[in-house]
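Listed below are the residues making up each chain.
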Amino acid sequence: MTEHETTPEATGDSGAGAVVVEETRAAVPVTAPPQVPVASDHPDRWGRVDEDGTVYVKTADGERVVGSWQAGEPAEGLAHFARRFDDIRTEVELLVTRLTSGAGDPKHAMTSAKHVQESLAEAAVVGDLAALAARVEHVLALAEQGMEAAKAAKDEARAAAGARKLELVEEAEALAEESTQWKASGDRLRQILEEWKTIRGVDRKTDEQLWRRFSKARDAFNRRRGSHFADLDRQRGVAKNRKQELVEEAEKLVESDDWGPTAGRYKDLMVEWKAAGRAPKEADDALWQRFRAAQDAFFARRSEAFSERDAEFATNAKLKEELLAEAERIDPSGDLETARQQLYKIQERWDAIGKVPRERIRDLEGKLRAIEERVRGAVDAQWRRSDPEAEARVAQFRERVEQFEAQAEKARSAGDKRRAEQAEAQAQQWREWLAAAEQAVASR
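Since the structure is predicted, the reported quantities are computational estimates derived from the model, not experimental observations.

A. A look at the overall build of the protein. From N to C terminus, the protein includes 11 helices and 5 strands. By residue count, 39% of the 444 residues in the protein fall in the buried class. A fraction of 71% describes how many contacts in the protein between residues 6 or more apart in sequence connect residues 24 or more apart. For the protein, the accessible surface area stands at approximately 25400 Å², while carbon and sulfur atoms represent 50% of it.

Here is the structure:
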């Protein structure tokens, strides 16, 4: 049989109310007295029946009347009272077996053994009462030791339960004070609570104190977590407003034809987008789609424009190649003035054609420069051969320089950058020829 001890514990949302602690059973090895003989095997050794049917049992103090037998033969009566003794013997041996195996409840065994002990003095049985009494004393000793072992085990279990709850409390307090892993820590606090419910046997005062600490730690964690997410919500609201501004600016830039600065601004907007932080997910996703759509639209337009420009530049390069072929046919060894006029017209047409792909500029300009050097070399040679005309040429070249400089200034004033650059380039060419002519005059 099993006896339970009810221990009240602190209550809270842990669900830990009054809990039941089962005593720990343990086999207690003791030196047992000799076995009690079975009385029914030789009942005449322990008692007798006289002629009038009175039944006696032998004791250390002499015979004691235990009853009367009138229903049959005296031996049958003696066997009847011996069987009653054997029933008590069996009960006692069952208590011994349960206590020595650890399966019995020491407290219940103690009660049962005392009941048997108290009844032996008046028991209507025939058997070895002295041996049975010694056996009962043995049961009482076993029960006493079992109760002491159960108490020690119970105290140990209570201490272990208290220590485990203290560990859980300290872990909860550490999470409440330090952790920023909100989901994992929240899950762990729930696991601690579930384990807390399964730990029994802690005395009420200790349990209430530990429960208050655990509840305080959990509340502190929940407050910190709530404050964190409130701050996060505020930050996300600020981020949402900032990203809304960035989206609106990105959408305004879609139609810009100022390709370089606008592309640079889009890159800056992307940096600012990342720096703005996370907005609420649904709003963040929607704003990002708008931002990307605006960005993609602009760069698609720029790509299309660049494709058209590249095609135009490739056509310009082909036209300049044709001009170079024409310039190669200029022969300054004959009519030098005609050669200069031809070169001048080619230069004007060259400038009018416009830009070429970046990777072709050096090659094409270099070839034209070579032709210009060839014509200028012929001019220099002629100057050296016709000194009387040198002064007139100097004046003529100076006039042409001034003419092109005036054209460049006029074009700049009109905001025509391309024509201003063309005129300035022509003025530079004539400056070089002027410098050569002046050098020729100076070295006569």
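B. Here's a closer look at the nonpolar core. If you look at the biggest cluster of nonpolar residues, it comprises 33 residues, and the most contacted ones within it are Val55, Phe85, Val92, Val126, Leu132, Val136 and Val139. Looking at this core, the elements with two or more residues in it are strand S4 (54-59), helix H1 (74-101), helix H2 (106-120) and helix H3 (129-178). Top element by residues in this core is H1. It accounts for 9 residues. Each residue touching Val136, except ones within four places of it in the same chain, is listed here: Val92, Ala113, Val116, Gln117 and Leu120. Formed by 28 residues, the second largest nonpolar core is a distinct cluster that contains Leu323, Trp350, Trp433 and Leu434.

C. Representation of the packing of helix H6 (residues 259-276) against helix H7 (residues 281-328) within the structure. Direction vectors running N to C along H6 and H7 enclose 160°, while the axes themselves pass 11 Å from each other. With respect to each other, H6 and H7 are oriented roughly antiparallel. Like other packed secondary-structure pairs, H6 and H7 cross with a definite hand, here left-handed. Judged by residue contacts, Trp259, Thr262, Ala263, Tyr266, Leu269, Met270 and Trp273 of H6 engage Asp284, Leu287, Trp288, Phe291, Ala294, Gln295, Phe298, Phe299, Arg301, Arg302, Ala305 and Phe306 from H7. Grouping the constituent residues of the contact of H6 with H7 by class yields 14 nonpolar, 2 polar and 3 charged.

Conventions and cut-offs
- Residues numbered from 1 in each chain as written.
- Predicted model: local features only at pLDDT ≥ 70, side-chain atom pairs only at ≥ 80, totals over all residues.
- Heavy atoms only, no water.
- Helix = DSSP H or I, 4+ residues; strand = E, 2+ residues; numbered from the N terminus.
- Buried < 20%, exposed > 50% of the residue type's maximum accessible area, 1.4 Å probe, protein only.
- Contact = heavy atoms within 4.5 Å.
- Areas by Shrake-Rupley, 256 points an atom, 1.4 Å probe, with all protein chains shown as cover.
- Core = buried A, V, L, I, M, F, W, Y, C linked by side-chain atoms within 4.5 Å.
- Axes fitted to C-alpha atoms, helices over the stretch in contact; angles between N-to-C directions.
- Parallel < 35°, antiparallel > 145°, perpendicular 65-115°, else oblique.
- Left-handed = near helix turned anticlockwise from the far one by under 90°.
- Nonpolar A, V, L, I, M, F, W, Y, C, P; charged D, E, K, R; others polar.

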